[in-house]
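Structure assessment
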Amino acid sequence: MSSCENPTNDADALMPRRHKYDKSKMCIKCKERTGNIVARHTVYCRECFTSFFTFKFRRALEPYVNAKPDGPRRRALVPTGNLMIGYSGGLGSAVLLDLVYRHYVHPDPSIVTSEGGKDHPRSQRIWEKVTVCHVEGSDASPGTKERVDEIRGIVGHLDDVEFLPLRLQDAFDHTWWEKVELDASHCAFGADFSNELLQIKPQLCTNVPPLTALQDYLASLPTATALPTAIHTLVRILLQYTAFSIGCSHLLLGTSLTSLAISLISGISQGAGFHVREEAQEEWFPDLFQIGANSNAQMTNKPSVRIIRPLREIGTKECAIWAWWMQLSIVGREKWQWPGAKPGLGRLTKDFIMGLEKDYPSTVSTIVRTCGKLAPKGDTAGKCVICERPVQMGVQEWKARIAIRSGQGGETAAAELPSKVPSLAPYLCYVCHTTFTSKGTRAPPNLYPGDADHSRGLTPLPVWTTSSRPLRIRSGGSVVSNDLEPDQDGFAVARKLQRSEMRNAVRDFLLDE
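The next subject is the environment of Phe57. Relative to the elements of secondary structure, Phe57 occurs in helix H1 (residues 46-61). When its relative accessible area of 0% is taken as the criterion, Phe57 is described as buried. Ignoring anything within four residues of it in the chain, the contact list for Phe57 reads Leu96, Leu99, Val100, His103, Tyr104, Pro310, Leu311 and Ile314.

Quick look at the structure:
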């Protein structure tokens, strides 16, 4: 590269070539061998990179294996249940499976050192059973390739590792709900996504195929941003309930540092700021009302599934180099897009973060560290019946005061509503309510062109909403709310406010006459 001067007459006019390495080609750790990789402006040789890579993996996982997380001092790893790995077929899940297999299933002598001899407690196997679970979603996206057989072949080459395939439509399949041995005694619910009240009613027709119900659910979403958000939620909840049903105390997900930064920024932009901590790590407790009397799930005083992302400190570039050196097979995962619609917030955020990592790699880790310092504001008012994450107290009232409402048919629809309407809205978190009700300026194209009309008046809901405590009041149960009360069918319904109550609610915003 040269400047504007003539390099023939002035040799100093040539600009110095940019160095490939920031300081030196030598490894920054051993300072003896020539580097093989540059990660975040740091040079590593292969041996030092391997030890540093595995150290960051174990540091993010092992302190949380025991029921009580360890502090600085390390203790023997004694989990309370088995292990499940969520496998999507992407780069992160492939690297995660390889690391778990080389460390805890069949230790690799080149990576794991046998400290204390073979009879030392530290050398014993930590998890008795390791299960790889894949949620196949090709049925919900026409034209995509099914990858179950490819993933089955990859897992089949690993000894002492079981493979458990699921399908995305299992979220609407009562047969799957019975297989995980949870209570499925209640009828299915349906919701009306055409208004923000989200009225719910029992579905009269319960023999709708699960795939049709899934397509109805996805086709009812208002924007292209809502599609990947809803699918991601369905996949996560399927993994959580399946892990709990087979007695797993830990669920590992292959979310890398880059993917975590994308999830955090995308989630915050969609209103999921209250769930920032759950994006990094989560302790999930299933609703005790959903556990059947004959359940084989390993029960403790507080049965839970700890969701850990051990690659949250490792970027995509480091994962790609590990996969290349270890010769891992990457199946690839689907890119959920709405045909004919503009890219959603998730896609735009991914393009931004990937470009940021390419030019300024240290900025991505800064995003994750900054979000890790955030704390949710306000109290928790229960658990969302869709995403199974905390609901911020008073979020619906706050949204009703600040949100811009649609003027088309709003007054007519409100006038036609009865005084008591079963509503799903009070039991949703902010991001789920926004996912179902936030509409764009233009109606999106048909998600399934050429298929049957999926725009029905009543949209099916996932099966776990059936047995959720808020929606179905059991014997001896109650709904704790001033504005909600049960009807004769056991639904929690909205109470019509008196005129004086409405005036008191907005009295701070009224002008003096």
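Picking up where we left off.
As a further point, take the side chain of Asp98. Mapped onto the elements of the fold, Asp98 is located in helix H2 (residues 91-105). With relative accessibility at 11%, the residue Asp98 sits in the buried group. A distance of 2.9 Å separates the side chain of Asp98 from the side chain of Trp322, its partner in a polar contact. Once you skip the residues sitting within four places of it in the chain, Asp98 turns out to touch Trp322, Met326 and Leu328.

Now for the pattern of salt bridges. Summed over the entire model, instances satisfying the criterion amount to 14 salt bridges. Arg59 serves as the salt-bridge partner of Glu313, at 2.5 Å between the closest nitrogen and oxygen. Of this pair, Glu313 sits in the loop between strand E10 (305-308) and helix H9 (316-325) while Arg59 sits in helix H1, placing them 254 residues apart in sequence. Here Arg59 falls in the partly exposed class, since its relative accessible area comes to 42%. Arg167 is paired through a salt bridge with Glu146; the nearest N and O atoms lie 2.7 Å apart. Here the residue Arg167 occupies a position in strand E5 (residues 161-167), and Glu146 occupies one in the loop between strand E4 (130-136) and helix H3 (148-156), the gap between them amounting to 21 residues. A relative accessible area of 26% places Arg167 in the partly exposed class. A single salt-bridge network, built from bridges that share partners, covers Asp98, Arg102 and Asp108.

What follows covers the sheet that holds strand E3 (residues 82-86). Taking strand neighbours across the sheet as the criterion, the 6 strands line up as E5-E4-E3-E8-E10-E9 in an open arrangement whose pairing is mixed. Both edges of this open sheet fall to E5 and strand E9 (281-284), since each of them pairs with a single strand only. Neighbour to neighbour, the strand axes of the sheet diverge by 20 degrees on average, direction disregarded. In this sheet, E10 lies alongside E9 in antiparallel orientation, the contact comprising 4 bridges. The partner of Glu283 across the bridge, within E10, is Arg306.

All right, on to the confidence of the model for the protein then. The predicted model of the protein averages 77 in pLDDT, with 71% of residues at 70 or higher. Counted against residues more than four places away or in other chains, residues 407-419, with its pLDDT under 50, gives 5 contacts. Note that residues 473-494 has pLDDT below 50 and, in this model, 49 contacts with residues that lie over four places away or in other chains.

Parameters and conventions
- Residues numbered from 1 in each chain as written.
- Predicted model: local features only at pLDDT ≥ 70, side-chain atom pairs only at ≥ 80, totals over all residues.
- Heavy atoms only, no water.
- Helix = DSSP H or I, 4+ residues; strand = E, 2+ residues; numbered from the N terminus.
- Buried < 20%, exposed > 50% of the residue type's maximum accessible area, 1.4 Å probe, protein only.
- Contact = heavy atoms within 4.5 Å.
- Polar contact = N/O pair within 3.5 Å; in protein donor to acceptor, adjacent residues only side chain to side chain.
- Salt bridge = Lys/Arg side-chain N within 4 Å of Asp/Glu carboxyl O.
- Pairing = 2+ DSSP bridges.
- Axes fitted to C-alpha atoms, helices over the stretch in contact; angles between N-to-C directions.
- pLDDT = per-residue confidence, 0-100.

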